[in-house]
Amino acid sequence: MPKIHILAEEVRNQIAAGEVIERPASVVKELVENSLDASATNITIAVDHGGKDLIQVIDNGAGMSEDDALLALERHATSKIRRLNDIINISSLGFRGEALPSIASVCRFTLITRCDSSPLAMRIDFSDGKLLEMSKTASNTGTSITVKSLFKNIPARRKFLRSDNAELRHILKYVHYQAILYPQVSFKLVVDGKERLSYIAAPDRVTRMAEVFGSSFFTDDVIAIDNELEGYTLSGYIFGLKERSDRWLEMRYIFINGRFINDKTIRHSVITAYKPHILKTRYLQKGSTPPYILFLEIPPAQIDVNVHPAKQEVRFRDQQKVHGFVLDTLSRALSGYENDKFASAKLKFQGSAKLDELTDIERDFYKNKVQIPRYSEYQKEFGNLYQDEIPGSSSDSPKHVIPIFNAEKAREDEQLEIIPDLPNDSISSPGFNVLLKREEEYINPWQLHNTYIFIQIEEGLVIIDQHAAHERILYEKLIHRSGGAPAVRQKLIVPLVVDIPPYVSQDIKELVEKNLSLLEKVGFSLKSFSGDSLVVEEIPAELSDWQGGKIFIEILKQLEAELEVSNDFTDSLAKSIACKAAIKAGDPLTRREMLDLINNLFACNTPYFCPHGRPLIIKMTMQDFDKKFKRIL
């Protein structure tokens, strides 16, 4: 007896059904997409017990003739493609010709359809893949398909279905995103005999989304997306970084050319775009992303939708281009979101907004007697904090090193800064009290436990982590240096021999030797001595606390940790040095140092999180305070 044989048709049909029909929502998907391809403008869906006992889809589409209705229930029968080249430019939702026969093989199935040219409708009844009856009946133009007792005669498949409510949630999700995709179509969902959803045709997608998600959707920390590149377009909405209720957690939709797609490439782009903000919200801490709804349109020839039986996945001809396009679009949107969020704080430290409100006399008096701190004004005294290489700041910084802290001098300067050295009679000047008040509105930072800097702004309060902020400043400065900007160094009076300890891996030693030129660029002057020893002659100016060379070992240990998660030596080195060189939590700062630090921070390209993704600036609005104190609910 031969071991190889041809499977029976019944078995073949049920295997094919297993590829296409996973659960009741899969049946709803296939039937609704056929209705949409038939140009239906009104679709009604009815389900009982989560779709296990009944699924019915009724539409007012084009319908089918008697011959077409019979052919539609044959394997590989379709009206969507005729030749091989048609597969390359597919614009319809269905095309494989397997859905209807697959569904009919695992349930009691009834098809009623009528086209405009037929006076009567065609009715076809199946039971578990077997034709029971064909007849004529009266019906409106369109198609009605009824599915009863799904998987009832296949207990092994039916037992894998979840509870009625769980299966219904999958159906609800599908109806929601199809309603978003096709606002011009009316959708109605009836659950166990009761109307659950009813979306009438809407003039545009914005109107439909407001109906689906609520009118507050577009004002609830949502960022609009809209970009185009060489025939690729991306639109939709991503959520910002505010904490929100769990009801939004499952709203992560990717639509490609009018299809809901579960695509790894796009999802990776979204995760990568949010990654720098990784610690800003609970969702990201859990390894997830905030909700998003993205509509990507790609030339049909640049995408292959024929890679999954249920068409839930796609393959891109140019995957890198798609990934980069989505990542760049979302990254720019999130950067703009952060810029808008802290715009008032930036404006405050630029010192230009409220000066425009002064009279000419007040402006002259203010500029002459009440100096607004800027980078250039304090760079000579605070060279270690001042970042002359960051785009947007001055370029004439001194190249010698001055300590960050001089407590005695700082106290004197603080008093002179707060109360300028004015003639006695100037105190009675008409605008003086106003000007002092205005100065307080401009710049009045203070430290909490010598760790966090608080600044009042018009909308409320901004809180800055001083270590993370300085780390971001130094990181961008070092990255800028690695690209060729001149380093600011301090020469050691006596060259120091540093022994690289055994617990720093051999790989690090080799990387240091291979990248001596890069270390030179960021400010080190190193020479191999013997064995595992290095001679250090110069160090970056930022390493004011050299600790007799111990800090270099700490940088190497940090570098080893960084390289475990990144292969980029330049980036890892910049992070390592910045981490060790930055001012620490607990370090007291004078008023001028705080101002200088904040100004340098806002001159950074990315002033909202440290190089490791930890948030460094938080904004609390007056509304946040009012909620905390129960002034508002």
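Shown above is the structure to which this text applies.
Residues numbered from 1 in each chain as written. Predicted model: local features only at pLDDT ≥ 70, side-chain atom pairs only at ≥ 80, totals over all residues. Heavy atoms only, no water.

Participant: Now, about the nonpolar core: what can you tell me, with residues and values included?
Facilitator: With 60 residues, the main nonpolar core has F109 and V147 as its most contacted residues. Counting residues per element, this core draws most heavily on helix α6 (residues 164–181), which supplies 9 residues. In contact with V147, not counting residues within four places along its chain, are V27, L31, D53, L54, I55, I103, C107, R108 and F109. (Core = buried A, V, L, I, M, F, W, Y, C linked by side-chain atoms within 4.5 Å. Buried < 20%, exposed > 50% of the residue type's maximum accessible area, 1.4 Å probe, protein only. Helix = DSSP H or I, 4+ residues; strand = E, 2+ residues; numbered from the N terminus. Contact = heavy atoms within 4.5 Å.)

Participant: Please give an account of the side chain of Q466 that cites residues and values.
Facilitator: Inspection of the secondary structure assignment puts Q466 in helix α16 (residues 466–482). A distance of 2.7 Å separates the side chain of Q466 from the side chain of Q447, its partner in a polar contact. Among all residues touching Q466, those that are not within four sequence positions of it are Q447, N450, T451, Y452, I453, I583, K584, A585, G586, D587, L589 and L597. (Polar contact = N/O pair within 3.5 Å; in protein donor to acceptor, adjacent residues only side chain to side chain.)

Participant: So what about helix α21 (residues 591–602)? Which residues, and what values?
Facilitator: Its 12 residues place the ends of α21 17 Å apart at the C-alpha level, agreeing with the 16 Å of an ideal helix rising 1.5 Å per residue. By the criterion of burial, α21 is predominantly enclosed, with 12 of the 12 residues buried. All of the buried residues along α21 are R591, R592, E593, M594, L595, D596, L597, I598, N599, N600, L601 and F602. (Expected span 1.5 Å × (residues − 1).)

Participant: Any chance you could break down the pairing of strand β6 (residues 142–148) for me, citing the residues and the numbers?
Facilitator: With 6 of 7 residues buried, β6 is to be regarded as a mostly interior element. The pairing of strand β2 (residues 54–59) with β6 spans 6 bridges and is antiparallel. Counted as the bridge partner of L54 is K148 from β6. Pairing of strand β3 (residues 108–114) with β6 involves 7 bridges; the strand directions are antiparallel. Along β6, the bridge assignment pairs F109 with V147. (Pairing = 2+ DSSP bridges.)

Participant: Which residues make up the side chain of E593, and what values go with them?
Facilitator: If you trace the backbone, E593 turns up in helix α21. Despite its burial, E593 remains without a salt bridge, the nearest opposite charge being carried by R592 at 10.0 Å. Engagement of the side chain of E593 in a polar contact is seen with the backbone nitrogen of T590, the distance being 2.9 Å. (Lys, Arg positive; Asp, Glu negative; His and termini not counted. Salt bridge = Lys/Arg side-chain N within 4 Å of Asp/Glu carboxyl O.)

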